[in-house]
Amino acid sequence: MDELLKISGLRITTLRGKETVRLLDRVDLSIRKKCSFGIVGESGCGKSITANAVLGLLPYPLRVSEGSIRYDSRAGEKELLKLSKKEMQAVRGEEISMIFQEPMTSLDPIFTVEMQMAEALSFHHPDLSRAEKRERSLEMLRQVNIPRPEQTLSSYPHQLSGGQLQRIMIAIALMNRPRLLLADEPTTALDVTIQAQILRLMNSLKEQNDTSIVMITHDLGVIAETCEEVAVFYAGQIVEQAEVTELFARTAHPYTQGLLRAVTSLGGASRMLYTIPGIVPPGGQWLQGCRFADRCDRCTERCRREMPALTEAAPGHLCRCFLHSEEVEA
Ligand SMILES: Nc1ncnc2c1ncn2[C@@H]1O[C@H](COP(=O)(O)OP(=O)(O)OP(=O)(O)O)[C@@H](O)[C@H]1O
Ligand code: SF4
Ligand SMILES: [Mg+2]
């Protein structure tokens, strides 16, 4: 297997009353080794559920109804959707680690940073002594540029700033040297300067540890600063996918063009914020044809009737829009 992670035909459904509703529709993604891959899109388009599905963390009644998630682990190739709970626990943290969308709530307020870091280590390395765990925790805190690591270890979460907590979350996620880090909006809650520092930090940690990163964000500016490849999600589907330089040079999908106009961090704070008119339809309540039709100023009669297929607009550059291909989704 060339890729580290290969998601094929992933479909996620939920139950509304007695009705089964689709939240994610046949998503294919390949994450290469030592690559940083971005997933971008507005709220509710399916970014987090995709990442959660990889680690078997979908909350009931959400479930994977179709597809496969293959992972090239240190012990050989694995189908993550077929792992038992115990096997998945062995993968979590040591092979694949996740920074959750709301990190402030993932740290426990009643335990010190040292206890929480030690716990992350203990699961995969039960034989380490207390002193060894402390040493490893200090080393990780230094790696994420925490100024007074000893003092920080004995602190409780409420004694630390948002930026420090975010660094600690990254340190915990990297404790066991995972090969894949799923970072779900890791900087959204932070101000712009700290955000830039954390993104730089994640990039350098990726180089040092040979970790692949899946960066989930609603901001194409974050993607531009951190990723090599990117998939644009809209209403539970991929609508555009390419290498980042290619995507910015030849943005093909009207939705991505709208997202680009909404980027703040690239254009500077003084620019007027543009927002794409309309909202993402709620999960599963999608239009019959192109799901972006209601918000697209290039929409035609055909767009409302038929769903465009995801096809190559240029070599390696995928786009789901009739402006680029006549092909209809089967
Ligand atoms: N626990 C849940 N129960 C029911 N529906 C859910 C649940 N979690 C997510 N969904 C639905 O699944 C769809 C995708 O949600 P997801 O959280 O993946 O969006 P997202 O792209 O991560 O958005 P955001 O940028 O707001 O984090 C949405 O329609 C959402 O309402
Ligand atoms: S298929 Fe039509 S409605 Fe959809 S993005 Fe393209 S032009 Fe717009
Ligand atoms: Mg999310």
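Shown above is the structure to which this text applies.
Presented here is a report on the structure given in the accompanying data block. (Residues numbered from 1 in each chain as written. Chains lettered and ligands numbered in written order. Predicted model: local features only at pLDDT ≥ 70, side-chain atom pairs only at ≥ 80, totals over all residues. Heavy atoms only, no water.)

**Let's talk about the overall build of the protein chain**
Short version of the rule: Under the DSSP-based scheme used, a helix requires at least four consecutive residues in state H or I and a strand at least two consecutive residues in state E, with every element numbered from the N terminus. Note that the radius of gyration is over C-alpha atoms, with the globule rule given as 2.2 Å times the number of residues to the power 0.38. To sort residues, take the accessible area from a 1.4 Å probe on protein chains only and compare it with the maximum for the residue type: under 20% means buried, over 50% means exposed, and anything in between is partly exposed. In this description, contact between two residues means that some pair of their heavy atoms is separated by no more than 4.5 Å. Shrake-Rupley sampling with a 1.4 Å probe provides the accessible areas, and residues are treated as covered by the protein chains on show and by no other component. When charges are tallied, Lys and Arg are placed among the positive residues and Asp and Glu among the negative ones, while His and the ends of the chain are skipped. Think of each charge as sitting on NZ of Lys, CZ of Arg, CG of Asp or CD of Glu.
When helices and strands are tallied, the protein chain shows 12 helices and 12 strands. By the compact-globule yardstick of 20 Å for 330 residues, the protein chain fits well, its C-alpha radius of gyration being 21 Å. For the protein chain, buried positions account for 52% of its 330 residues. Long-range pairs, those at least 24 residues apart, make up 64% of the contacts in the protein chain between residues at least 6 apart in sequence. Only carbon and sulfur atoms are counted for the fraction: they give 51% of the accessible area of the protein chain, which is about 15900 Å². Across the protein chain, the 39 positively charged side chains and the 42 negatively charged ones have centroids separated by 2 Å.

**With respect to the nonpolar core**
Heads up, the rule is: Nonpolar core, defined: a set of buried Ala, Val, Leu, Ile, Met, Phe, Trp, Tyr and Cys residues in which side-chain atoms within 4.5 Å join the residues together.
By size, the foremost hydrophobic cluster in this structure holds 56 residues, and its most contacted members are Ile99, Met117, Ile168, Ile170, Met202, Met215 and Tyr255. If one sorts the elements of this core by residue count, helix α7 (residues 162-174) sits on top with 8 residues. Once you skip the residues sitting within four places of it in the chain, Met117 turns out to touch Ser137, Met140, Leu141, Leu153, Ala171, Ile172 and Met175. Membership of the second largest hydrophobic core comes to 35 residues, among which are Leu23, Leu24, Val54 and Met98.

**Focus on the sheet that holds strand β3 (residues 36-40)**
The cut-off we apply is this: By definition, two strands form a pair when at least two bridges between them are found by DSSP. Orientation is described by axes fitted as lines to C-alpha atoms, over the contacting stretch for helices, and by angles from 0 to 180 degrees between their N-to-C directions.
Within the open sheet, the 8 strands sit side by side as β6-β7-β8-β3-β9-β10-β12-β11. Their pairing is mixed. What marks the edges here is a single partner per strand, and that holds for β6 (96-99) and β11 (311-314). Geometrically, the sheet is characterised by an average inter-axis angle of 20° between neighbouring strands, direction not taken into account. Of the strand pairs in this sheet, strand β10 (residues 237-243) and strand β12 (residues 317-319) are connected by 2 bridges, and their pairing is antiparallel. Its bridge partner being in β12, Gln241 is matched across the sheet by Leu318. In this fold helix α11 (residues 254-261) packs onto β3, β9 (229-234) and β10, with an angle of close to 105° to the strand it touches most, β9.

**Considerations on the site of ligand 2**
To be explicit about the condition: Only heavy atoms are used to decide nearness, and a residue is near a molecule or strand if one of them lies within 4 Å of it. Charged means Asp, Glu, Lys or Arg here, nonpolar means Ala, Val, Leu, Ile, Met, Phe, Trp, Tyr, Cys or Pro, and polar covers whatever is left, Gly included.
Lining the immediate surroundings of ligand 2 are 13 residues, of which Cys290, Cys296, Cys303, Cys321 and Phe322 lie closest. For the shell around ligand 2, the per-class residue count stands at 11 nonpolar, 1 polar and 1 charged.

**A word on the packing of aromatic side chains**
Our working definition: Pairing of aromatic side chains here covers Phe, Tyr and the six-membered ring of Trp, requires ring centres within 6.5 Å, and sorts the geometry by plane angle: under 30 degrees stacked, over 60 edge-to-face, intermediate tilted. For a lysine, the NZ atom is tested; for an arginine, the CZ atom; a charge sits over a ring if that atom is within 6 Å of the ring centre and within 35 degrees of the ring normal.
In total, this model carries 3 aromatic pairs according to the counting rule given. Ring centres of Tyr234 and Phe292 lie 5.1 Å apart, and the angle between their planes is 80°; this geometry places the pair in the edge-to-face category. Of this pair, Tyr234 sits in strand β9 while Phe292 is found in the loop between α11 and α12 (301-305), placing the two residues 58 residues apart along the sequence. Accessibility classification places Tyr234 together with Phe292 in one group, the buried group. Geometrically, the ring pair formed by Tyr255 and Phe292 is edge-to-face, given 5.2 Å between the ring centres and 65° between the ring planes. With Tyr255 in helix α11 and Phe292 in the loop between α11 and α12, this residue pair connects regions lying 37 residues apart in the sequence. Here Tyr255 and Phe292 have matching classes, each one buried. Site record: aromatic cluster; members linked through ring pairs are Tyr234, Tyr255 and Phe292. Above the plane of the ring of Phe322 lies Arg302, whose end atom (NZ or CZ) is 3.9 Å from the centre.

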